[in-house]
Amino acid sequence: MKKIVFMLVLLTGTVLTLKAQTASPSAPDTTVMELIGKYTFPDGSVVEQVEVILDSTGLNMVSEAGTSVLQKLGVDSFALVSFQGTAVFKRDDNKKIKMVVIDAMGYHLEGKKNDTAAATKPVAILFNTNKQAIMRSAVK
């Protein structure tokens, strides 16, 4: 590779900067597992419930309105990519996730997390350079 770059510099007089685009994450974030589960909204809400799942595409929020990738913005806040909005997860005094607040497409929704166990097996969660959660390997 160095010989090719050197030859290109000699032939064109141009210095090239090569940057590898990788999906390697910056740091693990195991707290994302706490987000996985179902959240129920009050009667009359535009959606009855959403489910946060982790699959091969990353962390997603699924509802009858559709599915959106969750792109990390902060510790417990995410962009709802498909709905041009945000999802902020709230914790109780014991640091346990208790609800989600969604602001998207003109709607403000506050849903309580169901206390059922996540249907997804635990995995190590990492974020790529686009701040999207990616699944690396199952936690044993």
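Within any chain, residue numbers begin from 1 and follow the written order of that chain's sequence. Under the rules for a predicted model, residues below a pLDDT of 70 receive no local features and side-chain atom pairs below 80 are neither given nor counted, while totals for whole chains, interfaces and linings still include all residues. As a convention, hydrogens and water are excluded, and side-chain values are obtained from all of the structure's heavy atoms.

Student: Would you explain the overall build of the chain in this entry?
Tutor: Per the convention used, a helix needs a DSSP run of H or I reaching at least four residues, while a strand needs a run of E reaching at least two, with both numbered from the N terminus. The number of helices and strands found in the chain is 1 helix and 10 strands. Sequence-ordered secondary structure for the chain, helices as α and strands as β, is α-β-β-β-β-β-β-β-β-β-β. Accessibility here uses a 1.4 Å probe with only protein chains present; expressed as a share of the type maximum, an area under 20% marks a residue as buried, one over 50% as exposed, and anything in between as partly exposed. Out of the 140 residues in the chain, the part that is buried amounts to 32%. Considering only contacts in the chain between residues 6 or more positions apart, those separated by 24 or more positions represent 36%. Areas reported here follow the Shrake-Rupley algorithm with a probe of radius 1.4 Å; residue values treat only the protein chains shown as occluding. Accessible surface, the chain as shown: approximately 9200 Å² in total, 57% of it carbon and sulfur. The contact criterion used is simple: two residues touch if any of their non-hydrogen atoms lie within 4.5 Å.

Student: Would you take a moment to explain the sheet that holds strand E6 (residues 85-91) for this structure?
Tutor: Sheets are built from strands that pair by backbone hydrogen bonding, the pairs being arranged parallel or antiparallel. When DSSP locates at least two bridges between a pair of strands, those strands are taken to pair. Pairing is antiparallel in the closed barrel, where 8 strands are placed in the order E1-E2-E3-E4-E5-E6-E7-E8. Across the sheet, the axes of successive neighbouring strands diverge by a mean angle of 30°, strand direction being ignored. Each axis is a line fitted through C-alpha atoms, and for a helix only the stretch in contact is used; angles between axes span 0 to 180 degrees, taken between their N-to-C directions.

Student: Is there a simple way to think about a nonpolar patch on the surface in this case?
Tutor: Taken together, Val46, Met105 and Tyr107 make up a surface patch of nonpolar side chains, about 320 Å² in accessible area. Note on placement: Met105 falls in the loop between strand E7 (97-104) and strand E8 (107-113). Exposure above 30% relative accessible area and the lack of any salt bridge qualify a residue for a patch; like charges then connect within 9 Å, and the nonpolar side chains Val, Leu, Ile, Met, Phe, Trp and Tyr within 5 Å. Every case where a carboxyl oxygen of Asp or Glu lies within 4 Å of a side-chain nitrogen of Lys or Arg is listed as a salt bridge.

Student: Looking at this structure, I do not really get unusual backbone geometry. What am I missing?
Tutor: Trans peptide bonds make up most of the peptide bonds, and negative phi angles are found at most residues other than glycine. The phi torsion at Lys95 lies on the positive side, around 70°, for a residue other than glycine. Structurally, the position occupied by Lys95 is in the loop between E6 and E7. By relative accessible area, Lys95 is classed as exposed at 59%. Although it is not a glycine, Met105 adopts a positive phi angle of roughly 50°.

Student: What should I look at first to understand the pattern of salt bridges in this one?
Tutor: Side chains that carry opposite charge are capable of pairing whenever their charged atoms lie near each other. Scanning all chains against the criterion turns up 2 salt bridges. Note that Arg91 is salt-bridged to Glu34, the shortest N-O span being 2.8 Å. With Arg91 in strand E6 and Glu34 in the loop between helix H1 (2-12) and strand E1 (37-40), this pair connects stretches of sequence that are 57 residues apart. According to the relative accessible area criterion, Arg91 is partly exposed, its value standing at 22%.

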